[in-house]
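Next come the chains, spelled out residue by residue.
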Amino acid sequence: MHSAAGGAGRTRPADVRLSKFSPLPRVLYFDDFDEGMNGWCELVGNHTGNLDQIRPIAKDFRPPQLSSCTFFDIGTHGSVDGTYALKLATRPQANHSAVAIKRMTYAARGLVQFEAYLTFKSEPVMAGDRGWDGNQAPSERLFGEFTLSNDICVGETGPRCHGVIRYRNTDADGSLVQRWIRPTSVEPTTKMDRLGLVKGGARQDFFSLRPEDWVAVRGGRQPLCFNETASKVNWHYVRWLFDTSRLRSLEFQCNDMRLDLRDVIVPTYQEPYRGIANLLNLYVAVRTHANVRNFLYLDSVLVSVDW
């Protein structure tokens, strides 16, 4: 993966596209979306062939698209390297989510690290210039949140867990939050639904049942770059390290902020799940809080392991 360069003790990646990442010893996959979808697809709810069996909340997550990041005022923006990024787009409907997943299994248990460059936007809304000072973007308060998650199942029947971290840009009222949060309960599954195990409450979010199931990550307030208008795209680096041996997240990084997650308990399912032995799925999601489309773009994704 590395070759010698320049002075003693210095190396450079054999592939220059990897130089903006910090992978573990073995690269499991590197998805440059200039080369296609690379296995990322829409997350669809469980069914036996009858699509009417899909839970309403999981029926319409919208498929990811390849996008050249084209906007109405500047034309094509492009990605960090090359032209295309992976784009997730919600419907213009409050509480709608778009979710993309990459389905894998693991060959050994240990450290897994997800790295990506991403950016997020809301659809431009012509709000006029009343009170506008030429700086703050009206559309910034129309972006809800984006989520990174995994789905891990050990052996034939578990244990199974979802590690989840979410960036909440605004609350349901459109007030800026700009904080990383995490769930305190498991993500409701089709099996839980059919067994009557899902807690009561308003169901507006696929990843958790109720707003109160989310808590702030300690030290996790982080205003991210929205850059004044909905067509100015600035890419952010994220890195998430978790341990499939202990079913724990270890560390999360976004740009220059690092969060220690070693003491955070990842909720684990109580019931067994068959047919998903050695599961190692990763997925990303975007959710709008307003009747405005929200977008999440990934330039590239690198997942590495210590196997």
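Use the structure listed above.
My aim in this report is to walk through the structure given alongside it, one point at a time. The structure presented is a predicted model; accordingly, all values stated were derived computationally and were not measured.

**Observations concerning the overall build of the protein chain**
Alright, step 1. Helix and strand content of the protein chain: 1 helix and 20 strands.
Alright, step 2. At 20 Å, the protein chain has a C-alpha radius of gyration in line with the 19 Å of a compact globule built from 307 residues.
Alright, step 3. A principal-axis box enclosing the C-alpha atoms of the protein chain has dimensions of 60 × 55 × 40 Å.
Alright, step 4. Out of the 307 residues in the protein chain, the part that is buried amounts to 50%.
Alright, step 5. On the protein chain, roughly 14,300 Å² of surface is accessible, and the fraction owed to carbon and sulfur atoms is 48%.

**Comments concerning the state of the cysteines**
Alright, step 1. If you walk through the whole model with that rule in mind, you get 0 disulfides.
Alright, step 2. Between cysteine 225, a cysteine without a disulfide, and cysteine 254, which holds the nearest cysteine sulfur, the sulfur-to-sulfur distance is 11 Å.
Alright, step 3. A relative accessible area of 36% means that cysteine 225 is categorised as partly exposed.
Alright, step 4. Classification of cysteine 254 as buried rests on a relative accessible area of 1%.

**Quick look at the nonpolar core**
Alright, step 1. One finds Phe114, Trp180, Phe252 and Leu298 to be the most contacted residues of the largest nonpolar core, which totals 46 residues.
Alright, step 2. Apart from residues lying up to four places away in sequence, phenylalanine 252 is in contact with Leu148, Ile165, Trp180, Val238, Arg239, Trp240, Met257, Arg258, Leu259 and Leu261.
Alright, step 3. Counting residues in hydrophobic clusters, the runner-up holds 13 residues, among them Ile54, Val164, Ile181 and Trp214.

**Considerations on the packing of aromatic side chains**
Alright, step 1. Tallied over the entire structure, the rule returns 15 aromatic pairs.
Alright, step 2. The ring of tyrosine 29 carries lysine 102 above its face, with NZ or CZ at 3.9 Å from the centroid.
Alright, step 3. Lying across the ring of tyrosine 269, arginine 160 places its NZ or CZ 5.4 Å from the centre.

**Section: unusual backbone geometry**
Excluding glycine, a negative phi dihedral is what most residues carry, and trans is how most peptide bonds are arranged.
Alright, step 1. In this chain, glycine 158 is followed by proline 159 through a cis amide linkage whose omega measures 15°.
Alright, step 2. As for its position among the elements, proline 159 is in the loop between strand E11 (145-153) and strand E12 (160-161).
Alright, step 3. Positive phi is not limited to glycine here, since glutamine 178 has a value of about 55°.
Alright, step 4. Note on placement: glutamine 178 falls in strand E14 (residues 176-183).
Alright, step 5. One non-glycine residue, leucine 247, lies in the positive phi region at around 55°.
Alright, step 6. Within the secondary structure, leucine 247 is located in the loop between strand E16 (236-243) and strand E17 (248-254).
Alright, step 7. Judged by its relative accessible area of 12%, leucine 247 falls in the buried class.

**Side note on the environment of leucine 197**
Alright, step 1. Within the secondary structure, leucine 197 sits in the loop between helix H1 (190-195) and strand E15 (214-221).
Alright, step 2. For leucine 197, a relative accessible area of 44% puts it in the partly exposed group.
Alright, step 3. As for leucine 197 and glutamate 271, which are separated by 74 residues in sequence, their C-alpha atoms are 10.0 Å apart.

**With respect to the pattern of salt bridges**
Think of it this way: side chains of opposite charge can pair up when their charged atoms draw near.
Alright, step 1. In this structure the tally under the stated criterion is 19 salt bridges.
Alright, step 2. In this structure, arginine 210 engages aspartate 213 in a salt bridge whose closest nitrogen and oxygen atoms are separated by 3.0 Å.
Alright, step 3. A relative accessible area of 3% places aspartate 213 in the buried class.
Alright, step 4. Overlapping salt bridges bring together Glu145, Arg166, Arg168, Asp205 and Arg287 as one network.

Calculation notes
Residues numbered from 1 in each chain as written. Predicted model: local features only at pLDDT ≥ 70, side-chain atom pairs only at ≥ 80, totals over all residues. Heavy atoms only, no water. Helix = DSSP H or I, 4+ residues; strand = E, 2+ residues; numbered from the N terminus. Rg over C-alpha atoms; globule rule 2.2 N^0.38 Å. Buried < 20%, exposed > 50% of the residue type's maximum accessible area, 1.4 Å probe, protein only. Areas by Shrake-Rupley, 256 points an atom, 1.4 Å probe, with all protein chains shown as cover. Disulfide = S-S within 2.5 Å. Core = buried A, V, L, I, M, F, W, Y, C linked by side-chain atoms within 4.5 Å. Contact = heavy atoms within 4.5 Å. Phe/Tyr/Trp six-rings, centres within 6.5 Å; stacked < 30°, edge-to-face > 60°. Lys NZ or Arg CZ within 6 Å of the ring centre and 35° of its normal. Salt bridge = Lys/Arg side-chain N within 4 Å of Asp/Glu carboxyl O.

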